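Listed below, chain by chain, are the residues.
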Amino acid sequence: MHEQELNILLDHLRGLPKENQWVEFKVNNMKPEGIGKRISAISNSACLHQQPYGYLIFGIEDMTGNIVGTQKHFGEQKKGNEELENWVIQRLRPKIDFRVYDFYRGVNKVSIIQIPSANNQPVKFMNESFIRIGSITRKLNEFPDKERKIWQNNPNETFESQIALAGIAPREINSILSFETYFELLGLPIPTRLDYMIDRFVEEKLIVRNGPRLSITNLGAILFAKDLGKFDALTRKSVRLIAYDGRDKTSTKKEYTGRRGYAVAFNPLLNFIDALIPTNEIIKKALRQEVKLYPEIALRELIANALIHQDFTLSGTSPMIEIYRDRIEISNPGKPIINPLRFIDHHPQSRNEKLAFFMRRLNFCEERGSGIDKVINACEVFQLPAPAFMDGGSYTRATLFAPKAWKQMNKLDKQRACYQHCSLKYVGGGDYMTNSSLRKRLNISEKNYTTASRIIYDSVKAGLIKDSDPNNKSKKHAKYIPFWAS
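All figures in this text were calculated on a predicted structure; none of them were measured in a lab. (Residues numbered from 1 in each chain as written. Predicted model: local features only at pLDDT ≥ 70, side-chain atom pairs only at ≥ 80, totals over all residues. Heavy atoms only, no water.)

Q: Mind showing me how you'd approach the nonpolar core here?
A: The nonpolar side chains of a soluble globular protein tend to be buried with one another. Counting 90 residues, the largest nonpolar core has L223, F224, I321 and M359 as the members making the most contacts within it. A per-element tally of this core places helix α9 (residues 296–308) first, with eight residues. Listed in part, the 25 residues of the second largest apolar core include I39, I96, A118 and F125. (Core = buried A, V, L, I, M, F, W, Y, C linked by side-chain atoms within 4.5 Å. Buried < 20%, exposed > 50% of the residue type's maximum accessible area, 1.4 Å probe, protein only. Helix = DSSP H or I, 4+ residues; strand = E, 2+ residues; numbered from the N terminus.)

Q: It is not clear to me how the packing of aromatic side chains should be interpreted in this structure. Could you clarify?
A: Aromatic ring pairs are reported here in terms of the distance separating the ring centres and the angle at which the planes meet. Within the structure shown, the criterion is met by 15 aromatic pairs. Ring geometry for F201 against F224: centres 5.5 Å apart, planes inclined by 55°, an arrangement best described as tilted. Taken as a pair, F201 in helix α6 (residues 194–203) and F224 in helix α7 (residues 218–224) lie far apart in primary sequence, 23 residues in all. A relative accessible area of 0% means that F201 is categorised as buried. Taken together, a centroid distance of 4.8 Å and an interplanar angle of 25° make the contact between Y244 and Y324 stacked. Separated by 80 residues along the polypeptide, Y244 in strand β14 (residues 240–244) and Y324 in the loop between β18 (320–323) and β19 (327–333) bring together distant segments of the chain. Residue Y324 is classed as buried on the basis of its relative accessible area, which comes to 5%. One aromatic cluster is present, built from ring pairs that chain together F179, Y182, F183, F201, F224 and F358. Taking the ring centre of Y324 as reference, the NZ or CZ of R327 above it sits at 3.7 Å. Geometry around F401 places K404 over its ring, the cationic atom sitting 4.8 Å from the centre. (Phe/Tyr/Trp six-rings, centres within 6.5 Å; stacked < 30°, edge-to-face > 60°. Lys NZ or Arg CZ within 6 Å of the ring centre and 35° of its normal.)

Q: Would you explain the layout of surface pockets in this entry?
A: Which parts of space are left empty comes out when a probe the size of a water molecule is rolled across the atoms. Approximately 320 Å³ is the volume attributed to the second largest pocket. In terms of lining, the second largest pocket is formed by 20 residues, of which the most central are R236, R240, T317, S318 and M320. Elements that contribute at least two residues to the lining of the second largest pocket include exactly β18, β19 and β21 (395–401). At three residues, β19 tops the list of elements feeding residues into the lining of the second largest pocket. In terms of residue class, the lining of the second largest pocket is made up of four nonpolar, 11 polar and five charged. (1 Å grid on protein atoms, 1.4 Å probe; cavity = no way out; pocket = protein on both sides within 12 Å on 5 of 7 lines; lining within 4 Å. Points joined across faces, edges and corners; volume = space filled by probe spheres on them. Nonpolar A, V, L, I, M, F, W, Y, C, P; charged D, E, K, R; others polar.)

Q: What's the story with unusual backbone geometry in this structure? I'm lost.
A: In most cases, non-glycine residues show a negative phi, while peptide bonds are predominantly trans. Here R93 and P94 are connected by a cis peptide whose omega angle stands at -5°. Considering the arrangement of structural elements, one finds P94 in the loop between β5 (92–93) and β6 (99–105). Of note in this structure, N363 is not a glycine but carries a positive phi near 65°. Tracing the backbone through its elements, the reader meets N363 in the loop between α10 (353–361) and α11 (371–381). For N443, which is not glycine, the phi dihedral falls at a positive 60°.

Spatial relationships are all this shows, so hold off on functional conclusions.
Set out below in C-alpha coordinates:
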(Lines give C-alpha, C1' and ligand atoms only; values in the text may rest on other atoms or scores of the structure.)
Protein backbone atom coordinates (compact mmCIF):
# COMPACT_ATOMS: atom_id res chain seq x y z
CA MET A 1 0.00 0.00 0.00
CA HIS A 2 1.13 3.55 -0.71
CA GLU A 3 1.49 6.07 2.12
CA GLN A 4 -1.78 7.77 1.23
CA GLU A 5 -3.63 4.42 1.35
CA LEU A 6 -1.98 3.66 4.71
CA ASN A 7 -3.15 6.97 6.15
CA ILE A 8 -6.69 6.36 4.90
CA LEU A 9 -6.67 2.88 6.41
CA LEU A 10 -5.28 4.23 9.70
CA ASP A 11 -8.00 6.89 9.93
CA HIS A 12 -10.67 4.30 9.17
CA LEU A 13 -9.45 1.97 11.94
CA ARG A 14 -9.05 4.84 14.40
CA GLY A 15 -12.62 5.84 13.57
CA LEU A 16 -13.99 2.58 14.95
CA PRO A 17 -15.86 3.05 18.25
CA LYS A 18 -13.13 1.08 20.06
CA GLU A 19 -10.76 -1.83 19.71
CA ASN A 20 -12.51 -5.02 18.67
CA GLN A 21 -11.72 -8.68 18.10
CA TRP A 22 -9.83 -8.04 14.87
CA VAL A 23 -8.25 -4.63 15.53
CA GLU A 24 -5.77 -3.90 18.33
CA PHE A 25 -3.86 -0.69 19.10
CA LYS A 26 -0.54 -0.56 20.92
CA VAL A 27 2.00 2.17 21.59
CA ASN A 28 5.12 0.02 22.01
CA ASN A 29 5.07 -3.36 23.81
CA MET A 30 6.74 -5.24 20.96
CA LYS A 31 7.70 -8.28 23.01
CA PRO A 32 8.21 -11.08 20.47
CA GLU A 33 6.07 -13.71 22.21
CA GLY A 34 3.25 -11.22 22.76
CA ILE A 35 3.24 -10.21 19.10
CA GLY A 36 3.09 -13.83 17.97
CA LYS A 37 0.12 -14.54 20.25
CA ARG A 38 -1.70 -11.41 19.07
CA ILE A 39 -1.19 -12.26 15.39
CA SER A 40 -2.63 -15.73 16.03
CA ALA A 41 -5.55 -14.27 17.99
CA ILE A 42 -6.38 -11.53 15.46
CA SER A 43 -6.19 -13.92 12.49
CA ASN A 44 -8.55 -16.38 14.19
CA SER A 45 -10.91 -13.61 15.31
CA ALA A 46 -11.01 -12.08 11.81
CA CYS A 47 -12.13 -15.47 10.51
CA LEU A 48 -14.95 -15.67 13.06
CA HIS A 49 -16.11 -12.15 12.22
CA GLN A 50 -15.86 -12.72 8.45
CA GLN A 51 -13.20 -10.07 7.96
CA PRO A 52 -10.58 -10.67 5.24
CA TYR A 53 -7.91 -9.06 7.44
CA GLY A 54 -7.25 -8.11 11.04
CA TYR A 55 -4.86 -5.37 12.16
CA LEU A 56 -2.28 -4.87 14.89
CA ILE A 57 -1.20 -1.24 14.99
CA PHE A 58 1.69 0.28 16.92
CA GLY A 59 1.93 3.98 17.73
CA ILE A 60 -1.72 4.45 18.77
CA GLU A 61 -3.17 4.81 22.27
CA ASP A 62 -5.78 2.09 22.72
CA MET A 63 -8.16 4.13 24.92
CA THR A 64 -8.15 7.37 22.92
CA GLY A 65 -7.09 6.36 19.42
CA ASN A 66 -4.59 9.23 19.49
CA ILE A 67 -1.47 8.95 17.34
CA VAL A 68 1.49 9.17 19.72
CA GLY A 69 4.09 7.21 17.78
CA THR A 70 6.08 4.12 18.67
CA GLN A 71 9.73 4.10 19.70
CA LYS A 72 10.83 1.87 16.83
CA HIS A 73 9.19 0.72 13.65
CA PHE A 74 8.32 -2.97 13.60
CA GLY A 75 10.87 -3.55 10.84
CA GLU A 76 13.62 -2.27 13.16
CA GLN A 77 12.86 -4.85 15.85
CA LYS A 78 14.94 -7.99 16.39
CA LYS A 79 14.81 -11.14 18.45
CA GLY A 80 18.47 -11.78 19.22
CA ASN A 81 20.23 -11.37 15.89
CA GLU A 82 17.15 -12.29 13.86
CA GLU A 83 14.62 -9.87 12.41
CA LEU A 84 11.48 -10.00 14.52
CA GLU A 85 9.17 -10.40 11.52
CA ASN A 86 10.99 -13.52 10.36
CA TRP A 87 11.23 -14.89 13.92
CA VAL A 88 7.44 -14.62 14.34
CA ILE A 89 6.49 -16.08 10.97
CA GLN A 90 8.71 -19.14 11.53
CA ARG A 91 6.66 -19.95 14.64
CA LEU A 92 3.23 -19.60 13.06
CA ARG A 93 1.34 -22.62 11.75
CA PRO A 94 0.22 -22.27 9.07
CA LYS A 95 2.69 -19.57 7.99
CA ILE A 96 0.21 -16.84 7.10
CA ASP A 97 1.39 -14.00 4.89
CA PHE A 98 1.01 -11.06 7.28
CA ARG A 99 2.28 -7.74 5.91
CA VAL A 100 4.15 -5.05 7.85
CA TYR A 101 3.82 -1.39 6.85
CA ASP A 102 6.16 1.06 8.59
CA PHE A 103 5.53 4.74 7.91
CA TYR A 104 5.39 8.19 9.50
CA ARG A 105 2.25 10.10 10.44
CA GLY A 106 3.73 13.55 10.76
CA VAL A 107 6.73 13.05 13.03
CA ASN A 108 5.31 9.91 14.65
CA LYS A 109 6.39 6.41 13.76
CA VAL A 110 3.49 4.07 13.05
CA SER A 111 3.54 0.35 12.18
CA ILE A 112 0.53 -1.48 10.78
CA ILE A 113 0.55 -5.27 10.66
CA GLN A 114 -2.10 -6.51 8.23
CA ILE A 115 -3.03 -10.07 9.22
CA PRO A 116 -4.98 -12.34 6.85
CA SER A 117 -7.97 -14.21 8.22
CA ALA A 118 -7.49 -17.84 9.26
CA ASN A 119 -8.62 -20.22 6.54
CA ASN A 120 -10.19 -23.56 7.46
CA GLN A 121 -7.91 -24.06 10.47
CA PRO A 122 -6.87 -21.94 13.45
CA VAL A 123 -3.54 -20.12 13.26
CA LYS A 124 -1.15 -21.28 15.97
CA PHE A 125 1.84 -19.56 17.51
CA MET A 126 4.39 -21.90 19.08
CA ASN A 127 1.83 -24.74 18.82
CA GLU A 128 -0.91 -22.81 20.66
CA SER A 129 -3.97 -21.11 19.12
CA PHE A 130 -5.28 -17.83 20.50
CA ILE A 131 -8.45 -15.76 20.17
CA ARG A 132 -9.55 -12.23 21.03
CA ILE A 133 -12.40 -11.95 23.53
CA GLY A 134 -13.28 -8.27 23.58
CA SER A 135 -9.84 -6.67 23.87
CA ILE A 136 -8.25 -9.61 25.72
CA THR A 137 -6.11 -12.34 24.14
CA ARG A 138 -7.11 -15.81 25.37
CA LYS A 139 -6.28 -19.42 24.48
CA LEU A 140 -8.62 -20.73 21.80
CA ASN A 141 -9.04 -24.16 23.40
CA GLU A 142 -10.96 -22.45 26.21
CA PHE A 143 -13.71 -21.72 23.67
CA PRO A 144 -14.46 -24.96 21.77
CA ASP A 145 -17.50 -23.52 19.93
CA LYS A 146 -15.36 -20.75 18.42
CA GLU A 147 -12.63 -23.22 17.48
CA ARG A 148 -15.16 -25.45 15.72
CA LYS A 149 -16.50 -22.51 13.70
CA ILE A 150 -12.99 -21.68 12.47
CA TRP A 151 -12.49 -25.27 11.27
CA GLN A 152 -15.81 -25.07 9.44
CA ASN A 153 -15.30 -21.60 8.00
CA ASN A 154 -13.79 -21.03 4.56
CA PRO A 155 -13.53 -17.29 3.90
CA ASN A 156 -11.52 -17.88 0.71
CA GLU A 157 -14.43 -19.69 -0.96
CA THR A 158 -15.69 -16.49 -2.55
CA PHE A 159 -18.49 -16.06 -5.04
CA GLU A 160 -15.95 -15.67 -7.86
CA SER A 161 -14.29 -19.02 -7.06
CA GLN A 162 -17.51 -21.05 -7.05
CA ILE A 163 -18.42 -23.16 -10.07
CA ALA A 164 -21.12 -21.75 -12.35
CA LEU A 165 -21.22 -24.59 -14.90
CA ALA A 166 -19.44 -27.96 -14.80
CA GLY A 167 -18.76 -30.93 -17.06
CA ILE A 168 -18.11 -29.04 -20.30
CA ALA A 169 -16.21 -30.65 -23.17
CA PRO A 170 -13.31 -28.46 -24.37
CA ARG A 171 -14.75 -28.28 -27.90
CA GLU A 172 -17.97 -26.76 -26.50
CA ILE A 173 -16.50 -24.04 -24.32
CA ASN A 174 -15.91 -21.56 -27.12
CA SER A 175 -19.66 -21.39 -27.70
CA ILE A 176 -20.20 -20.43 -24.04
CA LEU A 177 -17.38 -17.95 -23.29
CA SER A 178 -16.04 -15.08 -25.39
CA PHE A 179 -12.30 -15.75 -25.39
CA GLU A 180 -11.79 -13.07 -28.03
CA THR A 181 -13.07 -10.34 -25.68
CA TYR A 182 -10.43 -11.21 -23.08
CA PHE A 183 -7.52 -10.90 -25.50
CA GLU A 184 -8.89 -7.81 -27.27
CA LEU A 185 -9.45 -5.86 -24.04
CA LEU A 186 -5.95 -6.68 -22.77
CA GLY A 187 -4.42 -5.75 -26.13
CA LEU A 188 -3.05 -9.25 -26.70
CA PRO A 189 -2.94 -11.21 -29.98
CA ILE A 190 -5.74 -13.75 -30.19
CA PRO A 191 -4.32 -17.30 -30.27
CA THR A 192 -5.33 -19.45 -33.20
CA ARG A 193 -5.58 -22.59 -31.07
CA LEU A 194 -8.41 -23.14 -28.63
CA ASP A 195 -6.22 -25.10 -26.18
CA TYR A 196 -3.96 -22.05 -25.77
CA MET A 197 -6.99 -19.92 -24.91
CA ILE A 198 -8.22 -22.51 -22.43
CA ASP A 199 -4.77 -22.66 -20.77
CA ARG A 200 -4.85 -18.87 -20.30
CA PHE A 201 -8.33 -18.97 -18.75
CA VAL A 202 -7.23 -21.77 -16.42
CA GLU A 203 -4.26 -19.63 -15.30
CA GLU A 204 -6.68 -16.76 -14.61
CA LYS A 205 -9.00 -19.08 -12.64
CA LEU A 206 -11.83 -18.36 -15.06
CA ILE A 207 -11.93 -22.07 -15.89
CA VAL A 208 -11.06 -25.13 -13.80
CA ARG A 209 -9.96 -28.48 -15.22
CA ASN A 210 -11.77 -31.59 -14.00
CA GLY A 211 -9.95 -34.42 -15.77
CA PRO A 212 -10.91 -34.25 -19.47
CA ARG A 213 -13.79 -31.89 -18.72
CA LEU A 214 -13.89 -28.20 -17.83
CA SER A 215 -15.80 -26.14 -15.29
CA ILE A 216 -16.48 -22.40 -15.55
CA THR A 217 -16.16 -20.34 -12.39
CA ASN A 218 -18.61 -17.58 -11.53
CA LEU A 219 -15.84 -15.08 -12.32
CA GLY A 220 -15.37 -16.49 -15.81
CA ALA A 221 -19.10 -16.57 -16.47
CA ILE A 222 -20.03 -13.15 -15.09
CA LEU A 223 -17.28 -11.51 -17.16
CA PHE A 224 -17.09 -13.46 -20.42
CA ALA A 225 -20.37 -15.34 -20.90
CA LYS A 226 -21.90 -15.03 -24.34
CA ASP A 227 -25.27 -15.71 -22.71
CA LEU A 228 -25.74 -15.54 -18.93
CA GLY A 229 -29.01 -17.42 -19.42
CA LYS A 230 -26.95 -20.61 -19.65
CA PHE A 231 -25.94 -20.20 -16.00
CA ASP A 232 -28.88 -20.80 -13.68
CA ALA A 233 -27.44 -18.84 -10.74
CA LEU A 234 -26.42 -15.85 -12.90
CA THR A 235 -29.44 -15.38 -15.14
CA ARG A 236 -30.81 -12.55 -13.00
CA LYS A 237 -27.44 -10.79 -12.64
CA SER A 238 -27.54 -9.15 -16.08
CA VAL A 239 -27.64 -5.35 -16.15
CA ARG A 240 -31.10 -3.87 -16.61
CA LEU A 241 -31.57 -0.43 -18.16
CA ILE A 242 -34.76 1.64 -18.28
CA ALA A 243 -35.13 5.09 -19.84
CA TYR A 244 -38.19 7.16 -18.84
CA ASP A 245 -39.84 10.03 -20.64
CA GLY A 246 -40.06 12.32 -17.62
CA ARG A 247 -38.91 12.75 -14.04
CA ASP A 248 -40.78 9.70 -12.72
CA LYS A 249 -41.55 6.12 -13.73
CA THR A 250 -44.93 6.91 -15.31
CA SER A 251 -43.89 6.54 -18.94
CA THR A 252 -41.13 4.20 -20.17
CA LYS A 253 -39.26 5.17 -23.32
CA LYS A 254 -36.71 2.32 -23.62
CA GLU A 255 -36.02 -0.86 -21.72
CA TYR A 256 -33.07 -3.19 -22.10
CA THR A 257 -31.86 -6.26 -20.22
CA GLY A 258 -28.40 -7.52 -21.09
CA ARG A 259 -27.60 -11.18 -21.49
CA ARG A 260 -23.85 -11.12 -22.01
CA GLY A 261 -21.09 -11.09 -19.38
CA TYR A 262 -19.98 -7.76 -18.01
CA ALA A 263 -16.68 -7.59 -19.91
CA VAL A 264 -18.40 -8.45 -23.20
CA ALA A 265 -21.28 -6.00 -22.69
CA PHE A 266 -19.62 -3.08 -20.88
CA ASN A 267 -18.53 -0.84 -23.77
CA PRO A 268 -21.63 -1.55 -25.92
CA LEU A 269 -23.75 -0.70 -22.86
CA LEU A 270 -21.99 2.66 -22.49
CA ASN A 271 -22.57 3.41 -26.18
CA PHE A 272 -26.26 2.53 -25.79
CA ILE A 273 -26.56 4.86 -22.79
CA ASP A 274 -24.71 7.60 -24.65
CA ALA A 275 -27.33 7.50 -27.41
CA LEU A 276 -30.12 7.97 -24.86
CA ILE A 277 -28.62 10.90 -22.96
CA PRO A 278 -29.64 14.37 -24.12
CA THR A 279 -27.03 16.94 -25.07
CA ASN A 280 -26.43 20.59 -24.26
CA GLU A 281 -25.48 23.03 -26.98
CA ILE A 282 -22.61 25.38 -26.17
CA ILE A 283 -20.73 28.00 -28.16
CA LYS A 284 -16.96 27.58 -28.17
CA LYS A 285 -14.73 29.80 -30.32
CA ALA A 286 -17.77 31.01 -32.24
CA LEU A 287 -18.77 27.44 -33.13
CA ARG A 288 -21.76 25.60 -31.75
CA GLN A 289 -20.90 22.26 -30.16
CA GLU A 290 -23.02 19.60 -28.54
CA VAL A 291 -21.80 18.09 -25.27
CA LYS A 292 -23.37 15.33 -23.23
CA LEU A 293 -25.14 16.24 -19.99
CA TYR A 294 -23.06 13.81 -17.96
CA PRO A 295 -19.28 13.25 -18.05
CA GLU A 296 -18.35 9.89 -19.54
CA ILE A 297 -15.87 9.08 -16.78
CA ALA A 298 -18.58 9.53 -14.15
CA LEU A 299 -20.93 7.10 -15.91
CA ARG A 300 -18.14 4.59 -16.52
CA GLU A 301 -16.97 4.60 -12.91
CA LEU A 302 -20.41 4.42 -11.33
CA ILE A 303 -21.59 1.59 -13.58
CA ALA A 304 -18.36 -0.35 -12.98
CA ASN A 305 -18.75 0.20 -9.23
CA ALA A 306 -22.32 -1.08 -9.30
CA LEU A 307 -21.18 -4.28 -11.01
CA ILE A 308 -18.16 -4.79 -8.75
CA HIS A 309 -19.72 -4.05 -5.36
CA GLN A 310 -23.05 -5.85 -5.73
CA ASP A 311 -24.01 -8.59 -3.31
CA PHE A 312 -24.29 -11.73 -5.43
CA THR A 313 -25.89 -13.64 -2.55
CA LEU A 314 -29.10 -11.63 -2.99
CA SER A 315 -31.34 -13.47 -5.44
CA GLY A 316 -33.89 -12.08 -7.85
CA THR A 317 -32.21 -8.69 -8.23
CA SER A 318 -29.55 -7.19 -10.49
CA PRO A 319 -27.68 -3.94 -11.20
CA MET A 320 -30.02 -1.33 -12.67
CA ILE A 321 -29.53 1.91 -14.61
CA GLU A 322 -32.52 4.27 -14.74
CA ILE A 323 -32.40 7.34 -16.97
CA TYR A 324 -34.81 10.18 -16.16
CA ARG A 325 -35.13 13.59 -17.74
CA ASP A 326 -33.25 15.25 -14.87
CA ARG A 327 -30.99 12.49 -13.48
CA ILE A 328 -29.48 9.03 -13.85
CA GLU A 329 -29.78 6.51 -11.02
CA ILE A 330 -27.36 3.56 -10.90
CA SER A 331 -28.22 0.89 -8.32
CA ASN A 332 -26.77 -2.42 -7.24
CA PRO A 333 -28.03 -5.12 -4.85
CA GLY A 334 -26.43 -5.03 -1.42
CA LYS A 335 -25.95 -2.62 1.43
CA PRO A 336 -22.72 -0.59 1.06
CA ILE A 337 -19.79 -1.95 3.08
CA ILE A 338 -18.84 1.54 4.28
CA ASN A 339 -20.74 4.75 5.02
CA PRO A 340 -21.53 6.47 1.67
CA LEU A 341 -20.09 9.70 3.10
CA ARG A 342 -16.70 7.94 3.10
CA PHE A 343 -16.81 6.79 -0.52
CA ILE A 344 -14.44 9.69 -1.19
CA ASP A 345 -10.82 8.51 -0.95
CA HIS A 346 -11.64 5.71 1.47
CA HIS A 347 -9.42 2.67 1.81
CA PRO A 348 -10.95 0.47 -0.88
CA GLN A 349 -13.06 -2.51 0.14
CA SER A 350 -15.06 -4.84 -2.04
CA ARG A 351 -17.22 -7.90 -1.62
CA ASN A 352 -15.80 -9.22 -4.88
CA GLU A 353 -12.06 -8.53 -4.93
CA LYS A 354 -11.28 -10.79 -7.90
CA LEU A 355 -14.02 -9.19 -10.00
CA ALA A 356 -12.77 -5.73 -9.00
CA PHE A 357 -9.20 -6.68 -9.93
CA PHE A 358 -10.26 -7.93 -13.35
CA MET A 359 -12.42 -4.88 -14.09
CA ARG A 360 -9.43 -2.64 -13.37
CA ARG A 361 -7.14 -4.76 -15.52
CA LEU A 362 -9.60 -4.48 -18.39
CA ASN A 363 -9.57 -0.65 -17.96
CA PHE A 364 -13.27 -0.42 -17.14
CA CYS A 365 -12.61 1.58 -14.00
CA GLU A 366 -9.89 3.51 -12.19
CA GLU A 367 -7.30 2.31 -9.71
CA ARG A 368 -8.35 1.36 -6.20
CA GLY A 369 -9.87 4.16 -4.18
CA SER A 370 -9.72 6.84 -6.90
CA GLY A 371 -12.87 6.20 -8.96
CA ILE A 372 -15.44 8.05 -6.86
CA ASP A 373 -13.03 10.97 -6.47
CA LYS A 374 -12.90 11.27 -10.26
CA VAL A 375 -16.71 11.09 -10.48
CA ILE A 376 -17.09 13.99 -8.06
CA ASN A 377 -14.29 15.98 -9.68
CA ALA A 378 -15.87 15.54 -13.13
CA CYS A 379 -19.20 16.84 -11.78
CA GLU A 380 -17.40 19.91 -10.44
CA VAL A 381 -15.68 20.52 -13.80
CA PHE A 382 -19.00 20.16 -15.62
CA GLN A 383 -20.64 22.46 -13.04
CA LEU A 384 -23.21 19.77 -12.25
CA PRO A 385 -24.91 19.31 -8.89
CA ALA A 386 -23.00 17.06 -6.51
CA PRO A 387 -23.77 13.37 -7.07
CA ALA A 388 -25.71 11.58 -4.33
CA PHE A 389 -24.86 8.21 -2.78
CA MET A 390 -27.53 6.37 -0.83
CA ASP A 391 -27.65 3.35 1.46
CA GLY A 392 -31.02 1.79 0.63
CA GLY A 393 -30.68 -1.02 3.17
CA SER A 394 -30.75 -3.85 0.65
CA TYR A 395 -29.26 -1.81 -2.20
CA THR A 396 -26.79 0.99 -2.94
CA ARG A 397 -27.68 3.86 -5.28
CA ALA A 398 -25.61 6.57 -6.97
CA THR A 399 -27.36 9.48 -8.68
CA LEU A 400 -25.98 11.89 -11.27
CA PHE A 401 -28.02 15.06 -11.68
CA ALA A 402 -28.54 17.15 -14.81
CA PRO A 403 -27.71 20.86 -14.53
CA LYS A 404 -29.89 22.68 -11.99
CA ALA A 405 -30.55 26.36 -11.52
CA TRP A 406 -29.52 27.70 -8.12
CA LYS A 407 -33.14 28.14 -7.09
CA GLN A 408 -33.85 24.48 -7.90
CA MET A 409 -31.24 23.26 -5.40
CA ASN A 410 -32.48 22.45 -1.93
CA LYS A 411 -30.53 22.70 1.30
CA LEU A 412 -29.28 19.11 1.10
CA ASP A 413 -28.04 19.62 -2.49
CA LYS A 414 -25.94 22.55 -1.33
CA GLN A 415 -24.58 20.81 1.75
CA ARG A 416 -23.65 17.76 -0.30
CA ALA A 417 -21.75 19.92 -2.79
CA CYS A 418 -20.00 21.70 0.08
CA TYR A 419 -18.92 18.45 1.75
CA GLN A 420 -17.72 16.81 -1.47
CA HIS A 421 -15.83 19.93 -2.53
CA CYS A 422 -14.20 20.15 0.88
CA SER A 423 -13.21 16.47 0.74
CA LEU A 424 -11.72 16.78 -2.74
CA LYS A 425 -9.62 19.74 -1.68
CA TYR A 426 -8.31 17.79 1.31
CA VAL A 427 -7.47 14.54 -0.49
CA GLY A 428 -5.98 16.41 -3.42
CA GLY A 429 -2.91 17.31 -1.40
CA GLY A 430 -4.06 18.44 2.02
CA ASP A 431 -5.59 21.67 0.72
CA TYR A 432 -8.46 23.51 2.41
CA MET A 433 -11.90 24.63 1.33
CA THR A 434 -12.57 28.32 1.72
CA ASN A 435 -15.53 30.59 1.11
CA SER A 436 -13.84 31.61 -2.14
CA SER A 437 -13.29 28.05 -3.42
CA LEU A 438 -16.88 27.08 -2.59
CA ARG A 439 -18.20 30.12 -4.45
CA LYS A 440 -16.19 29.05 -7.48
CA ARG A 441 -17.50 25.48 -7.21
CA LEU A 442 -21.15 26.62 -7.00
CA ASN A 443 -20.76 29.55 -9.39
CA ILE A 444 -21.73 32.08 -6.73
CA SER A 445 -20.67 35.65 -7.41
CA GLU A 446 -18.24 37.36 -5.03
CA LYS A 447 -20.88 39.86 -3.92
CA ASN A 448 -22.94 36.93 -2.60
CA TYR A 449 -20.24 36.00 -0.09
CA THR A 450 -22.85 35.54 2.65
CA THR A 451 -24.69 32.89 0.59
CA ALA A 452 -21.59 30.68 0.63
CA SER A 453 -21.13 31.45 4.33
CA ARG A 454 -24.63 30.18 5.06
CA ILE A 455 -23.95 26.90 3.21
CA ILE A 456 -20.70 26.46 5.14
CA TYR A 457 -22.46 27.19 8.43
CA ASP A 458 -25.20 24.64 7.66
CA SER A 459 -22.61 22.02 6.63
CA VAL A 460 -20.63 22.52 9.85
CA LYS A 461 -23.83 22.26 11.86
CA ALA A 462 -24.73 19.04 10.00
CA GLY A 463 -21.36 17.55 11.01
CA LEU A 464 -20.07 17.26 7.43
CA ILE A 465 -17.13 19.66 7.66
CA LYS A 466 -15.18 21.43 10.37
CA ASP A 467 -12.90 24.43 10.81
CA SER A 468 -9.28 23.42 10.27
CA ASP A 469 -8.31 25.78 13.10
CA PRO A 470 -11.01 25.97 15.80
CA ASN A 471 -9.08 28.79 17.49
CA ASN A 472 -9.33 31.02 14.45
CA LYS A 473 -11.83 33.82 15.18
CA SER A 474 -11.85 35.25 11.65
CA LYS A 475 -14.56 33.52 9.66
CA LYS A 476 -13.69 35.56 6.59
CA HIS A 477 -10.36 33.74 6.26
CA ALA A 478 -11.48 30.42 7.74
CA LYS A 479 -10.35 27.16 6.16
CA TYR A 480 -12.33 23.95 6.33
CA ILE A 481 -11.66 20.21 6.22
CA PRO A 482 -14.04 17.20 6.07
CA PHE A 483 -15.33 15.83 9.38
CA TRP A 484 -13.16 12.70 9.17
CA ALA A 485 -9.85 14.52 8.60
CA SER A 486 -7.36 14.71 11.45
